[in-house]
Amino acid sequence: MRLPTLIFLVTSLCSTLALAASNTSGLPSCVVCHGAGVQGNIVVQAPNLSILPAWYITAQLEAYQHNWRGEDASLADAKDMRAVALALSDKEREQVLEFISAVTPQSAKPSLMGDISHGQQLFSSCSACHGDVAQGNEALKAPPLAGQNDWYIVSQLKAYQANQRGYAKKDSNGNMMRSSVSLLGSEQDILDVASYLNSIEISKE
């Protein structure tokens, strides 16, 4: 069985289980795909949530609900995440946010071999929004990136470049991000930035 087919099947199963979990008292639906410590899962392309603050997770759930994310059929993981977001009641969403907020943030383990030093240089143009050590900025609605899965950073930067994310007219922050990634001229640049972000020591405020 080819890897893309396996990922599709596992993602679909993950989405189904998450929908079921969202209706089960005491079981946060996020752990089904993102893991018990919500540090992410490469098999289903689920990112590290432990580093993310409640305000950003709330914004992304709303983005899925408003079709700003997950509408592009070519991104199976985002499409399935949209289905989960739409199924969550207000109470269930609060339970998910409370659960993630209580988790100790952990940096994802590196899986790629980029040039961290070069990545740090490239990130300097991103720090105005995301912070000097990628700690995020709520006022600018820029999420923390330090400690995120390197493979997830790569996939999302490529999604922005391919107009698969940040395309919705009402998604002003996504539009800005989509323009910003044009500064990364090559796949190696993307890999280097992802490796640098993954290497940063983290904190969650």
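Definitions and cut-offs
Residues numbered from 1 in each chain as written. Predicted model: local features only at pLDDT ≥ 70, side-chain atom pairs only at ≥ 80, totals over all residues. Heavy atoms only, no water. pLDDT = per-residue confidence, 0-100. Contact = heavy atoms within 4.5 Å. Phe/Tyr/Trp six-rings, centres within 6.5 Å; stacked < 30°, edge-to-face > 60°. Buried < 20%, exposed > 50% of the residue type's maximum accessible area, 1.4 Å probe, protein only. Axes fitted to C-alpha atoms, helices over the stretch in contact; angles between N-to-C directions. Helix = DSSP H or I, 4+ residues; strand = E, 2+ residues; numbered from the N terminus. Left-handed = near helix turned anticlockwise from the far one by under 90°. Nonpolar A, V, L, I, M, F, W, Y, C, P; charged D, E, K, R; others polar. Expected span 1.5 Å × (residues − 1).

Considerations on the confidence of the model for the chain
Item 1. Put simply, the chain has an average pLDDT of 85, and 83% of its residues get 70 or more.
Item 2. Every residue in residues 1-13 scores below 50 in pLDDT, and together they form twelve contacts with partners more than four places removed in sequence or on other chains.

Comments concerning the packing of aromatic side chains
Item 1. On inspection of all chains with the given rule, the structure shows three aromatic pairs.
Item 2. Seen in terms of ring centroids, Trp-151 and Tyr-152 are 6.2 Å apart; in terms of plane orientation they differ by 90 degrees. Their pairing is edge-to-face. In this structure, Trp-151 and Tyr-152 share a single accessibility class: buried.

Regarding the packing of helix H3 (residues 54-65) against helix H5 (residues 90-102)
Item 1. In contact at an axis separation of 10 Å, H3 and H5 are set at 145 degrees when each is read in the N-to-C sense. As for how H3 packs across H5, the hand of that crossing is right-handed. Facing H3, whose interface residues are Ala-54, Ile-57, Thr-58, Leu-61, Glu-62 and Gln-65, H5 presents Arg-93, Leu-97, Ile-100 and Ser-101.
Item 2. Taken together, the residues of the contact of H3 with H5 sort by class into five nonpolar, three polar and two charged.

Re helix H8 (residues 150-161)
Item 1. For H8, spanning twelve residues, the distance from its first C-alpha to its last is 17 Å, which sits close to the expected 16 Å at 1.5 Å a residue.
Item 2. Counting buried positions along H8 gives nine out of twelve residues, so the element sits mostly inside the fold.
Item 3. Of the positions making up H8, those classed as buried are Asp-150, Trp-151, Tyr-152, Ile-153, Val-154, Gln-156, Leu-157, Ala-159 and Tyr-160.
Item 4. Those residues of H8 that are buried lie in contact with helix H9 (172-180) and helix H10 (187-199).

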